[in-house]
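Geometric and topological summary
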Amino acid sequence: MVPSTFTKPVWQEGIKPIIGIDAFLAPRTRFDKDTGIDRPRSRLVLLAKNNKGYQNLIELVTRSYVDGFYYRPRLDQELLKKHSDNLICIIPSFAGEVAQALKDNDTERAGAALSWYRDTYGTDCYLEISHRENSGRTENQERIIKLAKETNTPLVAAHDVYYVKQSDAVARETMIAIQSGNAIDPAEDRTEDFSFITQAQALNIIF
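Here's a quick rundown of the structure. (Residues numbered from 1 in each chain as written. Predicted model: local features only at pLDDT ≥ 70, side-chain atom pairs only at ≥ 80, totals over all residues. Heavy atoms only, no water.)

**Describing the nonpolar core**
Keep this limit in mind: Remark: nonpolar core denotes a set of buried residues (Ala, Val, Leu, Ile, Met, Phe, Trp, Tyr, Cys) joined through side-chain atoms within 4.5 Å. Any residue under 20% of the maximum accessible area for its type is buried, any over 50% is exposed, and the rest in between are partly exposed; the area is computed with a 1.4 Å probe on protein chains only. Helix and strand definitions here come from DSSP, where helices need a minimum of 4 consecutive H or I residues and strands a minimum of 2 consecutive E residues; each element is numbered from the N-terminal end. When checking whether two residues touch, look at their non-hydrogen atoms; a contact exists if any pair is within 4.5 Å.
Core analysis: the largest hydrophobic core is formed by 29 residues, its most contacted members being Leu46 and Tyr117. It is helix α4 (residues 107-121) that contributes the most residues to this core, six residues altogether. Not counting the four nearest positions on each side in its chain, Tyr117 is found in contact with Leu25, Leu44, Leu80, Cys89, Ile91, Glu97, Gly122 and Cys125.

Below, the structure is given as structure tokens:
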């Protein structure tokens, strides 16, 4: 166990923990495990609203490993539907099913996917947008915003955090390079920032 620096429960320190998972989804069902077909390609963020939601998260994580593991622990629509109570669903702006369909210019598939999630999670379903210094991703963010307006789906702005400070970027890239057997250039100009940012910084990016 990691020693805690808190002498009181975190909520008494003014911190509100939000428990959730970043889940991988099976292209078909969690039981299908055919080579080249069933490797997970999309993701979904689920957050617990209360203890009931937390219990559903536990069940989802358990079944994703016991039944659905194939390269990664995977969920499917059956599990998501069965354990949707008291969970907030956020469809990622890059790896989410809706975003992937929009990237392929398949608005019909994007609309169908979003409709399923809205039917399953009701008003607790959100589309995510995020900031990236990449023209292709920026265009897709606009598509997501347009679909959100057309379907009256609320948006949530998110920022991926891979390290605490921007100066840690090289260390993370080095770790990935070691895993993949590639090389990096420490002097390379890195424009994308995946560090932990403040609320003020986030608002400055958005506006």
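**A short note on the pairing of strand β4 (residues 87-91)**
Rules: Between any two strands, at least two bridges found by DSSP are needed for them to pair.
The buried count for β4 comes to four of five residues, which makes it a mostly enclosed element. Bridge count for strand β2 (residues 42-48) against β4 is four bridges, and the pairing is antiparallel. Considered in β4, the bridge of Ala48 is made with Leu87.

**Some words on the sheet that holds strand β6 (residues 155-158)**
The strands that make up a sheet pair up through hydrogen bonds in the backbone, lying either parallel or antiparallel. Quick note on the threshold: Note on geometry: axes are C-alpha line fits, over the in-contact stretch for helices, and angles between N-to-C directions span 0 to 180 degrees.
The six strands lie next to each other as β3-β1-β2-β4-β5-β6, forming an open sheet whose pairing is mixed. The strands lining the two open edges of the sheet, one partner per strand, are β3 (74-75) and β6. Here helix α1 (residues 51-66) sits on the sheet and contacts β1 (20-25), β2, β3 and β4; the angle it forms with β2, its principal contact strand, is near 150°.

**What to know about the layout of surface pockets**
Going by this rule: Buried and open spaces are told apart on a 1 Å grid over the protein atoms alone, a cavity being a set of points where a 1.4 Å probe fits but cannot get out and a pocket being an open set with protein on both sides within 12 Å along at least five of seven lines. Residues with an atom within 4 Å of a point are the lining residues. Grid points are joined across faces, edges and corners, and a volume is the space filled by probe spheres set on the points. Lys, Arg, Asp and Glu make up the charged group, whereas Ala, Val, Leu, Ile, Met, Phe, Trp, Tyr, Cys and Pro make up the nonpolar group; the residues left over, Gly among them, are polar.
Looking at the second largest pocket, its volume works out to about 310 Å³. Put simply, the parts of the chain that give the lining of the second largest pocket at least two residues each are α2 (77-82), α3 (97-103) and α4. The dominant element in the lining of the second largest pocket, judged by the number of residues it contributes, is α4, at four residues. Of the residues that constitute the lining of the second largest pocket, the class distribution is nine nonpolar, three polar and five charged.

**Some words on helix α6 (residues 169-180)**
Heads up, the condition is: Helix span, as expected, comes to 1.5 Å for every residue beyond the first.
With 12 residues, α6 should reach 16 Å at 1.5 Å per residue; the first-to-last C-alpha distance of 17 Å fits that figure. With its phi angle positive at about 80°, Gly181 sits one or two positions after the end of α6.

**Let's talk about α4**
So the rule is basically this: Each C-beta atom gives one direction from the helix axis, and the arc is the one those directions make.
Its 15 residues give α4 an end-to-end C-alpha distance of 21 Å, which sits within 8% of 21 Å, the value for a rise of 1.5 Å per residue. When we look at burial in α4, the residues that qualify are Ala110, Ala113, Leu114, Trp116, Tyr117, Thr120 and Tyr121. All buried residues of α4 fall inside an arc of 155° around its axis, so they share one side. The outward face of α4, more than 90 degrees from its buried face, is lined by the exposed residues Thr107, Glu108 and Asp119.

**Brief notes about the side chain of Ser195**
As for its placement among the helices and strands, Ser195 is situated in the loop between α6 and α7 (199-206). The contacts of Ser195, once residues within four sequence positions are left out, are His159, Val161, Tyr163, Val164, Lys165 and Gln166.

**Here's the deal with the side chain of Asp124**
Selection rule: N or O atoms closer than or at 3.5 Å make up a polar contact, with two conditions inside protein: a donor-capable atom paired with an acceptor-capable one, and, for residues adjacent in sequence, both atoms drawn from side chains.
With respect to the helices and strands, the residue Asp124 is situated in the loop between α4 and β5 (125-130). Given a relative accessible area of 17%, Asp124 falls into the buried group. Looking at Asp124, its side chain comes within polar contact range of the side chain of Lys49, at 3.0 Å. Once residues within four sequence positions are removed from consideration, Asp124 is found in contact with Lys49, Leu87, Ile88 and Cys89.

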